[in-house]
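# Geometric and topological summary
Residues per chain are reported as follows:
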Amino acid sequence: MVKDLFERIQNNKGPLGKWASQAEGYFVFPKLEGELGPRMQFQGKNILNWSLNDYLGLANHPEVRKADTEAAIAYGAAYPMGARMMSGHTNFHEQLEKELAAFVMKESAYLLNFGYQGMVSIIDALVTKNDIIVYDVDSHACIIDGVRLHMGKRFTYKHNDLESMEKNLQRATKMATETGGGILFITEGVFGMRGQQGKLKEIVAMKEKYNFRLLVDDAHGFGTLGKTGAGAGEEQGCQDGIDVYFSTFAKSMANIGAFVAADKDIIDYLKYNLRSQMFAKALPMIQTIGSLKRLELLRNSSEIKDKLWVNVNALQNGLKEKGFNIGDTNTCITPVYLEGSIPEAMIMVNDLRENYGIFLSIVVYPVIPKGIILLRMIPTASHTIEDINETLTAFEAIREKLVNGTYAKIAEASVQNVE
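In this text the structure is predicted, and so the values were computed from the model without any measurement. (Residues numbered from 1 in each chain as written. Predicted model: local features only at pLDDT ≥ 70, side-chain atom pairs only at ≥ 80, totals over all residues. Heavy atoms only, no water.)

## Considering the overall build of the protein chain
For the protein chain, the helix and strand inventory stands at 17 helices and 14 strands. Radius of gyration (C-alpha) of the protein chain: 23 Å, near the 22 Å computed for a compact globule of 419 residues. Counting only C-alpha atoms, the protein chain reaches 60 × 55 × 55 Å along its principal axes. Counting all 419 residues of the protein chain, 52% fall into the buried class. (Helix = DSSP H or I, 4+ residues; strand = E, 2+ residues; numbered from the N terminus. Rg over C-alpha atoms; globule rule 2.2 N^0.38 Å. Buried < 20%, exposed > 50% of the residue type's maximum accessible area, 1.4 Å probe, protein only.)

Structure (structure tokens):
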């Protein structure tokens with residue numbers, strides 16, 4: 001008997017969906033209102049927001065808002081119509097690609113409509129069934145989904161572990177010798193959950209021993225790391241060793257879109273083989289022209305990135321001085337690790353939002369080990385020292401409640417009331 005396709009879906013909502021009735025609207029799919037920035041509203045209350053990836057505070061920069069508005073008035077939301085290859089190609093798209101390539105010190109670049117979609121398609125286009133992929137076990141979902149499309153062999157290495165990298169490169173080399181293919185090594189410039197930089201310099205050095213090409217997803221590094229903001233490769237002095245550089249506009253550029261940069265022959269190949277772009281409408285003019293203005297500010301307003309790092313250092317140093325564990329982050333991403341159960345974590349976040357006016361992201365098992373609560377904060381150039389001090393005070397208060405069992409008692413009482 002053939003089952004109804006939807007029977008499984010109706011009976012099993014998935015690892016996240018099963019919590020929808022309790023979490024939706026508050027812990028997931030929350031509605032933040034007001035001007036984008038550190039101070040917004042959540043469920044009618046003013047909150048201090050640490051959950052926006054607007055690192056450089058460009059979302060509400062007056063020059064950016066002006067450029068976006070003028071582009072919208074001149075072209076509307078539809079222009080250009082059609083895929084780039086057919087009828088959606090413009091001088092503005094070409095100009096942005098040239099400027100992005102120069103900014104990240106690559107020969108050529110190509111625009112993508114979305115970061116997630118773009119990375120999936122890049123991986124699909126770069127490899128055949130004879131090629132081998134080696135990638136970090138903690139890679140972002142877009143990398144994992146891209147690898148899933150691969151019909152050949154792939155190996156994961158332990159997160160940022162050089163010994164594991166080399167072991168898997170050896171396995172890949174042996175396999176590629178048998179298949180007659182090549183090796184694509186994938187990592188991230190910055191790992192978005194814990195804030196560590198990928199070990200790009202060490203990986204590039206491995207090219208002297210192993211024959212592979214390196215693809216780097218630098219979504220969180222672009223605009224925040226390196227002397228000019230060109231990302232983790234510039235920060236580590238190995239940008240030349242990155243064969244294919246990728247970043248999104250959704251973080252430092254405060255926009256929609258993404259790009260990939262590499263040698264001209266590689267970009268020329270991708271232009272004619274990236275299915276996500278060949279069969280999709282071109283990036284609208286509002287995003288394209290708006291990104292040109294944002295990139296101009298990245299190039300010419302270094303004080304914005306300097307302000308970001310003043311806030312990053314103040315927040316991270318303040319947390320460490322007060323005895324909080326922020327792991328080994330060496331980027332803007334600021335994780336705070338606490339010990340507690342999932343029910344305690346839920347009560348804690350509720351307390352932060354309702355009684356301290358602090359809004360941030362929370363991560364629990366199975367994303368991280370059982371018994372650990374990760375509070376993830378994104379400091380931006382728009383935050384102030386007052387915002388940071390207010391948050392540090394709140395963190396001391398919630399830690400005390402976690403340690404003395406206040407949250408555990410509330411969680412236990414909540415369970416008993418439900419029963």
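## Overview of the layout of surface pockets
Approximately 490 Å³ is the volume found for the second largest pocket. The wall of the second largest pocket is formed by 24 residues, among which Ile-183, Phe-212, Arg-213, Asp-243 and Ile-266 lie closest to the centre. Where the lining of the second largest pocket is concerned, the elements lending two or more residues are helix 6 (115–126), helix 8 (162–179), strand 7 (183–188) and helix 11 (264–271). Sort the elements by how many residues they give to the lining of the second largest pocket and helix 8 lands first, with three residues. Partitioned by chemical class, the residues of the lining of the second largest pocket number 13 nonpolar, five polar and six charged. (1 Å grid on protein atoms, 1.4 Å probe; cavity = no way out; pocket = protein on both sides within 12 Å on 5 of 7 lines; lining within 4 Å. Points joined across faces, edges and corners; volume = space filled by probe spheres on them. Nonpolar A, V, L, I, M, F, W, Y, C, P; charged D, E, K, R; others polar.)

## Remarks on the UniProt feature "domain: Aminotransferase class I/classII large" (unreviewed entry) in the protein chain
Here, the residues flagged by UniProt with the feature "domain: Aminotransferase class I/classII large" (unreviewed entry) are residues 46–394. Span residues 46–394 is 42% helix and 16% strand, its end C-alpha atoms 15 Å apart. (UniProt positions renumbered as here; feature names shortened; annotations may be inferred.)

## Observations concerning the packing of helix 14 (residues 302–321) against helix 16 (residues 385–403)
Packing of helix 14 against helix 16 brings their axes to within 10 Å, and their N-to-C directions diverge by 20°. Taken together, the axes of helix 14 and helix 16 are roughly parallel relative to one another. Relative to helix 16, helix 14 is oriented so that their crossing is right-handed. Touching Asn-311, Ala-314, Leu-315, Gly-318 and Leu-319 of helix 14 are Ile-385, Ile-388, Leu-392 and Phe-395, all from helix 16. Residue composition of the contact of helix 14 with helix 16, by class: seven nonpolar, two polar and no charged. (Axes fitted to C-alpha atoms, helices over the stretch in contact; angles between N-to-C directions. Parallel < 35°, antiparallel > 145°, perpendicular 65-115°, else oblique. Left-handed = near helix turned anticlockwise from the far one by under 90°. Contact = heavy atoms within 4.5 Å.)

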